[in-house]
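Understanding the architecture of this molecule
Now for the letters of each chain:
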Amino acid sequence: FFFFKQKTAYEISACLVGSEMCIRDSYSRDPLSENQCYTIDYSPDGKYLVAGYQNGEVIIYNVPQKQIHHIFSEVHKGQVTQVQFTPNGKYIGSSSVDQTVALFNVETRNLYHQFNDIHTDRVN
């Protein structure tokens, strides 16, 4: 099962059995990460793709340049359950099974704020 959210250099492939998702380079067909991806979102202007992974990483891809913009690997300690750009595209919110929510600044590539000890169960 293949789909394009919009015309880009990346292909999102998903397997409905097992809920596996992989982001691949459209040309080489190589996966952009070895980890299992669970959630994706495009920035409103289509410049960035963000993906949340099983290992807790949040990776921002620069679509026109076909490269990784930034990897946040020390924020979540468990599977990322949701990633989403704000309507203006300046921030990304993410949630995790580790009961945390994080807000990232896309341009500065910094963790803007992390919400800990608010939830008593996984955050979807």
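Criteria and cut-off values
- Residues numbered from 1 in each chain as written.
- Predicted model: local features only at pLDDT ≥ 70, side-chain atom pairs only at ≥ 80, totals over all residues.
- Heavy atoms only, no water.
- Helix = DSSP H or I, 4+ residues; strand = E, 2+ residues; numbered from the N terminus.
- Polar contact = N/O pair within 3.5 Å; in protein donor to acceptor, adjacent residues only side chain to side chain.

So, on to the side chain of T39. Checked against the element boundaries, T39 lands in strand β4 (residues 37–42). One polar contact links the side chain of T39 to the main-chain amide nitrogen of V83, over a distance of 3.3 Å.

The next subject is unusual backbone geometry. Here Q99, not a glycine, exhibits a phi torsion of approximately 75°, which is positive. With respect to the helices and strands, Q99 occurs in the loop between β9 (91–96) and β10 (101–105). Located in the positive-phi region is R109, a residue other than glycine, with phi close to 60°. When you line up the elements, R109 lands in the loop between β10 and β11 (110–115).

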